[in-house]
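Notes for the structure review
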Amino acid sequence: MAELDILKYEPAYLQSYANSLELWPVEYTSYFVQTSYGKTHIIESGEKELPPLILLHGAMMSSVMWYPNVLEWSKKYRVIAIDILGDKNKSIVEKELRTREDYANWLREVFDKLSIEKADIVGLSYGALNTVNFLMYAPERVNKAVLLSPAETFVHFDPLFYSYVFGMIENKDGIEKFFKWIFEDRYSIHPYLYKQNETAIKWTAASGSAASTENKFLYVFSDEELASIQAPLFLLLGEHEVMYDAKEALNRAASLVENITVGMVKGVGHLMSMENPEYINQSVLTFLTDEE
């Protein structure tokens, strides 16, 4: 597609992002951090004096997806929700991230620019994959990490996943079918966030990057890599996960990662932080703060 065609969708996406941000339930600041890979957009809530909590979103969801969670977490943390560079969000790529090490270096630069020596991290799906990747290259920067429905990481996606992903690009009703697959009849995504995803998909299709909807790298970590993790991990998977075999992922994680707590959450699927925010909010805080 020509450059003008790409620009046609970007303003629509930015407007949909702004509309979605109206769902954010607490005061926030929105700003950019310059890295050698590009400008990274951040939504921050909570007192500056509180310990930092990094949030890494799922692919195509942007940091706005954390709106059901930030109210509780920002009571105890300086919550820093980062738009992952290279995904469709408000961050702006200036140098392509080509390797897993690039992604880790980018996030390390964000930490440095924010003067964060060490932090807790919560990641969902693609954000959880990035979290484990960061632990491979910068373990000294992580206190504890929470992994919600990690993208691959422990096991490969079911082939159906790719059918639905490409269906979103190629078919008019592809997005609706994808969310139906993810949620069944349990949950309906907010219209603002649905629209944001819709415009992100159109922007992706216009830019000819359909093959990178989950962005640049999907990866199942080796036994040796997973066994090397020292930071305390908390892995939650949904009993209605459809992207991969959740029981297989849970069992592999539990057998290889020494300092890990695992749980299967009833009544939810891949986007559990939206489906049951009350449970996720409290479970995450309990793990991170060691408070019952």
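The structure under discussion appears in the preceding block.
Predicted model only: the values in this text are computed from it and were never measured.

**Things to note about the packing of aromatic side chains**
To describe a pair of aromatic rings, you give the distance between the ring centres and the angle between the ring planes. As enumerated under the stated definition, the model contains 18 aromatic pairs in all. Ring geometry for phenylalanine 157 and tyrosine 162: centres 6.3 Å apart, planes at 75 degrees, overall edge-to-face. According to the relative accessible area criterion, phenylalanine 157 is buried, its value standing at 6%. Ring centres of phenylalanine 178 and tryptophan 181 lie 6.1 Å apart, and the angle between their planes is 55 degrees; on these two criteria the pair is classed as tilted. Of this pair, phenylalanine 178 and tryptophan 181 both sit in helix α6 (residues 174-183), separated by 3 residues, roughly a single helical turn. Across this residue pair, the class does not change: phenylalanine 178 and tryptophan 181 are buried. Through a chain of ring-to-ring contacts, three or more aromatic side chains come together here, namely Tyr164, Phe178, Phe179, Trp181, Phe183, Tyr187 and Tyr194.

**As for the pattern of salt bridges**
Enumeration according to the criterion identifies 14 salt bridges in this entry. Linking arginine 100 and glutamate 225 is a salt bridge whose minimum nitrogen-to-oxygen distance equals 3.3 Å. In this pair, arginine 100 sits in helix α3 (residues 100-113) while glutamate 225 sits in helix α8 (residues 223-227), placing the two residues 125 residues apart along the sequence. For the pair arginine 100 and glutamate 225, one class covers both residues: buried. Through salt bridges with shared partners, one network takes in Glu44, Lys48 and Arg78.

**Here we look at the side chain of histidine 270**
Residue placement: histidine 270 occurs in the loop between β9 (260-265) and α10 (272-275). A distance of 2.7 Å separates a polar atom in the side chain of histidine 270 from a polar atom in the side chain of serine 125. Setting aside chain neighbours within four positions, we find histidine 270 in contact with Leu124, Ser125, Ser149, Ile182, Glu241, Met243, Tyr244 and Glu275.

**Re helix α11 (residues 277-289)**
Each full turn of the α-helix corresponds to 3.6 residues, which orients residues three or four apart in the same direction. Over its 13 residues, α11 runs 18 Å from end to end, which matches the ideal 18 Å to within 8%, given 1.5 Å per residue. By the burial criterion, the buried members of α11 are Pro277, Ile280, Asn281, Ser283, Val284, Leu285, Thr286, Phe287 and Leu288. Downstream of α11 by one or two residues, aspartate 290 has phi in the positive range, about 60 degrees.

The rules behind these values
- Residues numbered from 1 in each chain as written.
- Predicted model: local features only at pLDDT ≥ 70, side-chain atom pairs only at ≥ 80, totals over all residues.
- Heavy atoms only, no water.
- Phe/Tyr/Trp six-rings, centres within 6.5 Å; stacked < 30°, edge-to-face > 60°.
- Buried < 20%, exposed > 50% of the residue type's maximum accessible area, 1.4 Å probe, protein only.
- Helix = DSSP H or I, 4+ residues; strand = E, 2+ residues; numbered from the N terminus.
- Salt bridge = Lys/Arg side-chain N within 4 Å of Asp/Glu carboxyl O.
- Polar contact = N/O pair within 3.5 Å; in protein donor to acceptor, adjacent residues only side chain to side chain.
- Contact = heavy atoms within 4.5 Å.
- Expected span 1.5 Å × (residues − 1).

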